Amino acid sequence: MTTAAPTDPRLHALRTLLDGRWSAVREEVREQMGRFRPVEPGLSTEEYRARVLELVHELAATKRPHAGFAPEYGGEGDVGGTVVGFQTLGYGDLSLLVKAGVQWGLFGGAVQVLGTSRHHDEYLRPIMDGELLGCFAMTETGHGSDVQNLRTTATYDPDTHEFVIDTPEPGARKDYIGNAARDGRMAVVFAQLVTRGETHGVHAFLVPIRDDAGAAMPGVTISDCGEKAGLNGVDNGRLVFDHVRVPRGALLNRFADVAEDGTYSSSIENENRRFFTMLGTLVRGRISVAGGAGSAAQKALALAIRYGAVRRQFADPTTGEEVALLDYRAHQRKLLPALATTYALHLAQEDLVAEMHRLQAPGALGTDEQAQRDLEYRAAGLKAVATWHATATIQACREACGGAGYLAENLLPQLKADSDVFTTFEGDNTVLLQLLAKGLLSEYGRRVGKLGPLGTARFAAGVVAESAAEKTGLNKLSHRVKAFAPRSADAQSRLLHDRAEHLLASLARRLRPALADGADQFGIFNGAQDHLLHAARAHVDAVVYDAVATAVDQVTDVPARELLAQVRDLHALSVIEADRAWFLEHGRLTVAESRAVTAAVNDLCASLRPHARLLVDAFGIPESWLDCPLLHTR
């Protein structure tokens, strides 16, 4: 199989845009993936795990996973390149992507960013080389997203200069831990640090879980999570600790330490701030999951759009010839808006990775605390939207391929099963959007606070007036500066940003009673959760739109820029169409304009249909990881 119109200059321009700053990394990983033999179908769980482990060692031998580590340990300090390389693995076997992510992103990343030279000198090189396989033991049976209230304890014993790691109750069992059931030898364990009878919050510890022969260490109970809906090449397991002793140096002590006599010290005095600073350094995993989900969506679209372009069904009565699936408007509606949003999310992901690299490359870590916190919020929102989008897109692609899409040989069922959990690992999406919304509210409060007394009074008066207008329906013309033109980038941007700002302002107004003394803070917050999630999602939509709109302006090849502008329009208008009720209720669109949005989506689907194959070929997915009977349909 070959790509469509390989000499089309637009293909090169689009590939250049999508590959971005780390194009050399993407090409290197594509070439490596071409040499990796895909996992054979029909393997038992044990055989599948063994094969994925072989691929992990093959990947380690390429030295590509080393790149994100510091040069003094054999790396390149290329944090962004490592995430991009990981993302590109998403075109292949997602079990390999996840197992690699656990080894070098979560386990190795935690040692790198939470540890100090005593940990780096001893462990980083064997981790990089794949000689020391490890786990990231954060999630507990009773506490998943609520990391701050984990129950595992690490109690310091000053007599022996050791920490005692313990699972005090069944709900504190470490659960769903990748690499634990079969291959891991050591775990980064997150536990409540206790010394001198005082608890200092969650910290991370290096805890051996197996000896060199593969047997569980004394006091460590390891069990297998068993077969899952997908990702069965990853050996997820459960860990229970029964007063397991580790030396004082096992504490990953970048942000806090315990002296021999049990004295606790930290460069960050406030416990909450210390906790969130620690978690912020681990944001790389969340960003990587968003990227991996994007690659999975791209692969599904490549399969479905290629199939839809050649599979024919029902005859055109005027010609008597059967019609290609992708020529049907309903089929276009299934796939092309999803393709446009996949482009937009990819470009937003590139911006996010660049910002992460700026903040977390060696020598930069922790230099800008507010920017680091903003990165965490942004990553939370994009991860939620990207993984939900991938889940919906892969399902649409499966349906678009009919019965063929349900056959294991055609890759989509495995892709669907393997990517489904992305919506809940590295943070449940609903919780992540709440995290983003809280961050937006904090920033909103700071902005309002900077207005001064007179500005604040005017602002409050405007909010009250708008609220009253909404209740009486008088706001219908308040935002109608000019008619909405669906294909206008300025108009699209104005609508999406206005929605985000309005939802945030009205949310702040709705939550203001929680600030009063004696207020039922939980009840008020809980009652507004739908509003809070809507505001967070609208903010992400605005950020993603900005990414694709900026990219259009950066493309110098005129035909490619014109094509990308249509992709931008289809993405924006499909987002607006999905929330037409809000835009109508709040007077941002008239009924006629709302209908015009739907008409414009239909027109854009028709105009992009001839270029759909080109758009998916621009992803640059290795042919060996797409080849399946589905694509040989004629």
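Residues numbered from 1 in each chain as written. Predicted model: local features only at pLDDT ≥ 70, side-chain atom pairs only at ≥ 80, totals over all residues. Heavy atoms only, no water.

### Structural notes on the overall build of the protein chain
For the record, the criterion: Only DSSP runs of H or I with at least four residues qualify as helices, and only runs of E with at least two residues qualify as strands; both kinds are numbered from the N terminus onward. For this analysis, residues touch if any pair of their heavy atoms sits within 4.5 Å. Per-residue accessibility takes into account occlusion by the displayed protein chains alone, with areas from the Shrake-Rupley method and a 1.4 Å probe. His is not counted, nor are the chain ends, whereas Lys and Arg count as positive and Asp and Glu as negative. For charged residues, the charge sits on one atom: NZ in Lys, CZ in Arg, CG in Asp, CD in Glu.
Counting secondary structure elements, the protein chain contains 20 helices and 13 strands. Across the protein chain, every contact between residues at least 6 apart in sequence was considered, and the portion connecting residues at least 24 apart equals 74%. Put simply, the protein chain shows about 25,900 Å² of open surface, and 54% of that area lies on carbon and sulfur atoms. Between the centroid of the 67 positive side chains of the protein chain and the centroid of its 79 negative side chains there is a distance of 6 Å.

### Let's talk about the side chain of Arg51
Here Arg51 shows up in helix α3 (residues 45-61). When neighbours within four sequence positions are excluded, Arg51 is seen to be in contact with Arg37, Val39, Glu40, Leu43 and Glu58.

### Side note on the packing of aromatic side chains
Note the following rule: Side-chain rings of Phe, Tyr and Trp, where Trp is taken by its six-membered ring, are said to pair if the distance between their centres is within 6.5 Å; with planes under 30 degrees apart they count as stacked, over 60 as edge-to-face, and otherwise as tilted. Relative accessible area decides the class of each residue, using a 1.4 Å probe on protein chains only: under 20% of the type maximum gives buried, over 50% gives exposed, and in between gives partly exposed.
Tallied over the entire structure, the rule returns seven aromatic pairs. Geometrically, the ring pair formed by Phe163 and Phe205 is edge-to-face, given 4.9 Å between the ring centres and 65 degrees between the ring planes. Of the two residues, Phe163 sits in strand β3 (residues 162-166) while Phe205 sits in strand β6 (residues 198-208), which places them 42 residues apart along the sequence. The two residues Phe163 and Phe205 agree in class, both being buried. Measuring from ring centre to ring centre gives 5.3 Å for Trp582 and Phe583, while their planes differ by 90 degrees; the resulting arrangement is edge-to-face. Following the ring pairs from residue to residue traces out a cluster consisting of Tyr156, Phe163 and Phe205.

### What to know about the environment of Asp557
This is how the line gets drawn: Contacts described as polar in this section are N or O atom pairs within 3.5 Å, which, within protein, must combine one atom able to donate a hydrogen with one able to accept it, while residues neighboring in sequence count only if both atoms come from side chains.
Of note, Asp557 is situated in the loop between α16 (529-554) and α17 (558-578). As for Asp557 and Leu507, which are separated by 50 residues in sequence, their C-alpha atoms are 43 Å apart. Of the polar contacts made by the side chain of Asp557, one reaches the backbone nitrogen of Ala560; its length is 2.8 Å.

### Section: unusual backbone geometry
As a rule of thumb, non-glycine residues mostly have phi less than zero, and peptide bonds are mostly trans rather than cis. At Tyr176, a residue that is not glycine, the phi angle is positive and equals roughly 60 degrees. Examined against the element boundaries, Tyr176 turns out to sit in strand β4 (residues 174-177). Exposure remark for Tyr176: the relative accessible area of 53% places this residue in the exposed category. Although it is not a glycine, His243 adopts a positive phi angle of roughly 50 degrees. When you line up the elements, His243 lands in the loop between β8 (237-241) and β9 (244-247).

### Quick look at the side chain of Asn179
Summarising the element assignment, Asn179 is placed in the loop between β4 and β5 (186-195). Judged by relative accessible area, Asn179 falls into the buried class, the value being 1%. Polar contacts involving the side chain of Asn179 include one to the side chain of Lys99, which spans 2.4 Å. Among the polar contacts listed, one links the side chain of Asn179 to the backbone oxygen of Gly134, at a separation of 2.8 Å. Sequence-distant contacts of Asn179, defined by excluding residues within four places in its chain, comprise Lys99, Val102, Gln103, Leu133, Gly134, Cys135, Gly184, Arg210 and Asp235.

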